[in-house]
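Per-entry structural report
In case you want the letters, here they are:
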Amino acid sequence: MSKIRIGIIGAGLIGKDHLEKYEKIEGAEVIALCDTNETQLKKMAEQFHVPHTYTDFRELIARDDLDAIDVCLHNNLHAPITIAALEAGKHVYCEKPIAGSYADGKRMLDAAKETGKMLHVQLAFIYQTETKAAKMLIEEGKLGKLYHARSTGHRRRGRPFVDGYATKEFNRKATASGGALFDMGVYRISQLLYLMDLPKVKTVTGKTYQEVAMDETRRAISGFDVEELGVGFVRFEGGLTLDIIEAWAIHLNGFEGSSLVGNAGGIRLPGYTSQGKTPFSYHTILSDMDMDATFDLGYADYRWHQLRENTDAYDSSQQHWIAALQGRVKLLPTAEIALQTILVSEGIYLSNQLEREVTVEEIIESSKSLAIKL
């Protein structure tokens, strides 16, 4: 396998996670790291043996020996740095969500097309074994005609910073644009859009909330001004619909997993309750009897890896990225899926603001760049 040389911009929590993943991927070599925090930069470079460090991302992307740039920054920094890297002739892997607004995400896709470079967005749930199983059931017609999906994401009290996890930048519109929908909803909404073969949005309606009590000192420090709960309903062209509930904080002990139904069967993806993780399941009628089925996905995944070519290329977002750069597989349309995902979330925000259903044209027209000027 050819060696892929990578430069990472952002040496914080997410950057560390990416560094750990690259260490385990054959053919991936991180040779440059950038962060404005020199102490953190030095610490991560020493821990992961990265030979070259920078405090200015422009110097990193100017290197002529890099195949790809990995952007591990807050949402409103994604667009300016991704576009600069693409224009510098580098392929780009960007953290989720694609950007802080649909307008910025669209600029990123346009830049990738104009430069002829690949743009990949981290949508981890697409690579779950359950997603692969669901995709096969759908493609083999086991669900029949698809008509409705439900996206459910639950944390009891898992708001960044104010509940003890991560940094305050996650819950500020100035850096993150959105809260629960942008941070966690992106995973489940993108997963369902992928399984539904990326249908085109027609209308969105929704509401956002910030109601659960939080530590007032941390609220003040963080400037918490995003949603902790988002709910929505989406109509797609062709008749498909999707309802959404995504919670950073809610007084409930869990949600059932996301689901997708057709006229011949349905699937439920794993969820989390107070009793733990719920299984992936398939539901249909067999010999005029209602049937609920589960699968031995562990053994199935083992068999697929033994018998199918390039199965490892779909084990994680980063493994897929490296395999695509090596030319082993075609890159999944993650940037396009991520852009549709942010369109849905931004539609919920606009609907909440206007207190009515909004059209896709209204969402796109109202979307403005929120990118931080560098």
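Predicted, not measured: the structure shown is a model, and the values here were computed from it.

Going through the model one piece at a time under the given rule, you end up with 22 salt bridges. Of the charged contacts in the structure, one is a salt bridge between Asp163 and Arg159, with a shortest N-O distance of 2.7 Å. As a salt-bridge pair, Glu169 and Lys168 come within 3.9 Å of each other at their nearest N and O atoms. Through salt bridges with shared partners, a single network forms among Arg5, Glu29, Arg63 and Asp65.

Attention now goes to the sheet that holds strand E6 (residues 119-121). Think of a sheet as strands paired side by side through backbone hydrogen bonds, with each pair either parallel or antiparallel. Read from one edge of the open sheet, 6 strands run E3-E2-E1-E4-E5-E6, paired in parallel fashion. Of all strands in the sheet, those bounded by a partner on one side alone are strand E3 (52-54) and E6. Between one strand axis and the next, the sheet turns through 25 degrees on average, direction left out of account. Here 4 bridges tie strand E4 (residues 68-71) to strand E5 (residues 91-94), and the two strands are oriented parallel to one another. For Ala68, the partnering residue across the bridge sits in E5 and is His91. In the packing of helix H4 (residues 75-87) onto the sheet, contacts are made with strand E1 (4-9), E4, E5 and E6, and the angle to E5 comes to roughly 160 degrees.

Disulfide: a covalent bond formed between the sulfur atoms of two cysteine residues. Using the criterion set out here, one finds 0 disulfides in the structure. Free cysteine: Cys34, not disulfide-bonded; nearest cysteine sulfur from Cys72 at 11 Å. Here Cys72 is not disulfide-linked; the sulfur of Cys94 is the nearest cysteine sulfur, at 8.5 Å. Since its relative accessible area comes to 9%, Cys72 is described here as buried.

Strand order in the open sheet made by the 9 strands is E16-E15-E12-E11-E7-E10-E9-E8-E17, with mixed pairing throughout. Edge positions in the open sheet fall to strand E16 (289-294) and strand E17 (358-359), since each of these has one partner strand only. Across 6 bridges, strand E7 (residues 146-153) lies against strand E10 (residues 241-247) in parallel orientation. Note on E10: the bridge partner recorded for Thr152 is Ile245.

Turning our eyes to something else, we now look at the packing of helix H6 (residues 129-139) against helix H8 (residues 180-195). It is the contact of H6 with H8, at a shortest axis distance of 10 Å, that shows an interaxial angle of 25 degrees. By the angle between their directions, the pair H6 and H8 is classed as roughly parallel. Along this stretch, H6 crosses H8, giving a crossing that reads as right-handed. Contacts between H6 and H8 pair Thr131, Ala134, Lys135 and Ile138 from the former with Gln191, Tyr194 and Leu195 from the latter. The residue inventory of the contact of H6 with H8, partitioned by class, reads 4 nonpolar, 2 polar and 1 charged.

Next up on the list: the environment of Arg356. With respect to the element layout, Arg356 can be found in the loop between helix H12 (334-354) and E17. Looking at Arg356, the relative accessible area reads 37%, which means it is partly exposed. C-alpha of Arg356 to C-alpha of Arg150: the two residues are 206 residues apart in sequence and 21 Å apart in space. What Arg356 contacts, discounting residues up to four positions off in sequence, is Val204, Thr205, Ser351 and Glu362. A polar contact of 2.8 Å, which involves the side chain of Arg356, links it to the side chain of Glu362.

Definitions and cut-offs
- Residues numbered from 1 in each chain as written.
- Predicted model: local features only at pLDDT ≥ 70, side-chain atom pairs only at ≥ 80, totals over all residues.
- Heavy atoms only, no water.
- Salt bridge = Lys/Arg side-chain N within 4 Å of Asp/Glu carboxyl O.
- Pairing = 2+ DSSP bridges.
- Helix = DSSP H or I, 4+ residues; strand = E, 2+ residues; numbered from the N terminus.
- Axes fitted to C-alpha atoms, helices over the stretch in contact; angles between N-to-C directions.
- Contact = heavy atoms within 4.5 Å.
- Disulfide = S-S within 2.5 Å.
- Buried < 20%, exposed > 50% of the residue type's maximum accessible area, 1.4 Å probe, protein only.
- Parallel < 35°, antiparallel > 145°, perpendicular 65-115°, else oblique.
- Left-handed = near helix turned anticlockwise from the far one by under 90°.
- Nonpolar A, V, L, I, M, F, W, Y, C, P; charged D, E, K, R; others polar.
- Polar contact = N/O pair within 3.5 Å; in protein donor to acceptor, adjacent residues only side chain to side chain.

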